[in-house]
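# Understanding the architecture of this molecule
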Amino acid sequence: MDTQEAVAESTPVETDGQTESKRDGLKRITLGPNDSLEGKLTYGGHMTVEGGGRAEGEFRVGGNIEIGNGTVVKALLEGSNVTIKGELEGRLTARDKLYLGKSAKLSGDVQARRLQIEDGASLNGYVRMGDFEHQAGS
Amino acid sequence: MIGQVYIEGDLRVAGVVEGEVEVTGNVEIDDVAKVKASVSGGDVSVRGHLTGPVVARKRLIVARSGALIGDVRAARLVIQDGATFSGKISMGGSFEAPAPAKPAETPPVALPEPEPEPQPMAVMPEVAAVKPASEPKPQAAVPAPAPVKPTPAAAAPMAAARADGGKVIGKAGGKAKAAPPPKGKPKRR
């Protein structure tokens, strides 16, 4: 129960075909099928949960967050670009863009600067868009 | 236009509408449209500005040019990148029931006086009721005594309500559509 593939900057993780870390030099944590993370995490890089990896708690990351297909995450999330293709229960803040893929299921309140939802995705909760300066909002 | 629109068929809005819109078919809100109303329909696509609660029995699409502020219930939901959305989203089950029921009750309410003319404009035998000024905005005083024109040129007071055989025609000229001649319509936002 734990996993960290935090990779140093210049060593992008290629496991999931992503090369973001190569581009922006951020570290990345990837939780795979046998991994689980519970608790509170504050992290400067990207975070990916995929293949059934488990994550529960509160995660605030400086980079992007991706929740892969078939993965269920119960957490309060905060990241720059957040991509959800699996399921998320909990509040979510995307400082930049939130993307819900067609198999995504999200229940929880959402705050995002930009929002894109594909047909097939399901979302239940309040949505607020706009710049983050005003995130406190109503 | 200001008032209520109930249509059996589809509706396309290309002007300013305030009040309530209920459509058995699909609703399209064009880029130039500004709607401040509760809207319900099968497929609802928003490319303009819509403020108000929305029920989409089938699918709600907020295109990149669209802005929707209001609570939403939809069976399926698509929001394109670039769109603006704010409100509560409820998806999945349960709203099917109320939706159909509601339209039924609306028609009974008599229309004030607006529809004297047998004109083609009002055409839709099915456009059940277009009530201007019923209850929405205070300012909605006199609907337009003016006869509705079939011609696009003339500003049809209730142009918005136009539907042809299930097919809808919004108004051609973006604003022509919803311009009630008599009232200075308060073009909201």
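Rules of the game
- Residues numbered from 1 in each chain as written.
- Chains lettered and ligands numbered in written order.
- Predicted model: local features only at pLDDT ≥ 70, side-chain atom pairs only at ≥ 80, totals over all residues.
- Heavy atoms only, no water.
- Helix = DSSP H or I, 4+ residues; strand = E, 2+ residues; numbered from the N terminus.
- Contact = heavy atoms within 4.5 Å.
- Areas by Shrake-Rupley, 256 points an atom, 1.4 Å probe, with all protein chains shown as cover.
- Salt bridge = Lys/Arg side-chain N within 4 Å of Asp/Glu carboxyl O.
- Buried < 20%, exposed > 50% of the residue type's maximum accessible area, 1.4 Å probe, protein only.
- Buried area = accessible area lost by both parts, 1.4 Å probe.
- Polar contact = N/O pair within 3.5 Å; in protein donor to acceptor, adjacent residues only side chain to side chain.
- Pairing = 2+ DSSP bridges.
- pLDDT = per-residue confidence, 0-100.

Let's shift gears to the overall build of chain B. What chain B contains, in helices and strands, is one helix and 13 strands. Counting from the amino terminus, helix and strand elements in chain B follow one another as β-β-β-β-β-β-β-β-β-β-α-β-β-β. Partitioning the contacts of chain B with sequence separation of at least 6, the portion at a separation of at least 24 is 34%. Element-wise, carbon and sulfur atoms account for 58% of the exposed surface of chain B, whose accessible area totals about 7,700 Å².

This part covers the pattern of salt bridges. As enumerated under the stated definition, the model contains 16 salt bridges over all chains in all. Residue A:Arg60 pairs with A:Glu78 through a salt bridge whose shortest N-O separation is 2.7 Å. You can see A:Arg60 sitting in strand β4 (residues 54–61) and its partner A:Glu78 sitting in strand β6 (residues 72–79), a full 18 residues away along the chain. Judged by its relative accessible area of 31%, A:Arg60 falls in the partly exposed class. Exposure remark for A:Glu78: the relative accessible area of 19% places this residue in the buried category. With a shortest N-O distance of 2.6 Å, A:Asp119 and B:Arg59 are connected by a salt bridge. Here the residue A:Asp119 occupies a position in the loop between β11 (110–117) and β12 (122–129), and B:Arg59 occupies one in strand β7 (residues 54–62), the pair thus bridging two chains.

In this assembly, 17 residues from chain B lie in contact with 16 residues from chain A. When chain B packs against chain A, close to 1,300 Å² is buried across both sides, 46% of that on carbon and sulfur atoms. Of all residues in chain B, B:Ile79, B:Asp81 and B:Met91 give up the largest surface area on contact with chain A, accounting jointly for 38% of the area buried on that side. Taken together, the connections running from chain B to chain A amount to four salt bridges. Here A:Arg114 ties to B:Asp81 by a salt bridge, and the two come within 2.7 Å at their closest N and O atoms. Linking chain B to chain A there are eight residue pairs in polar contact (both at pLDDT 80 or more). Elements supplying a minimum of two residues to the side of chain B that touches chain A: β9 (72–79) and β10 (84–91) of chain B. Among the elements that make up the side of chain B that touches chain A, the one with the highest residue count is β10(B) (eight residues).

All names here are of chain B. Sheet topology places β7 next to β9; seven bridges connect them, and they run parallel. Following the sheet pairing, Val62 is matched in β9 by Ile79. Note that β9 and β10 share three bridges and pair parallel. Following the sheet pairing, Arg73 is matched in β10 by Ser90.

Our next topic: the confidence of the model for chain B. Residues and elements named next belong to chain B. With 49% of its residues at a pLDDT of 70 or more, chain B shows a mean pLDDT of 68. Here residues 96–189 is modelled with pLDDT under 50, and outside its nearest four sequence neighbours on either side it reaches 175 contacts, counting other chains as well. As scored by the predictor, the complex reaches a pTM of 0.66 and an ipTM of 0.78.

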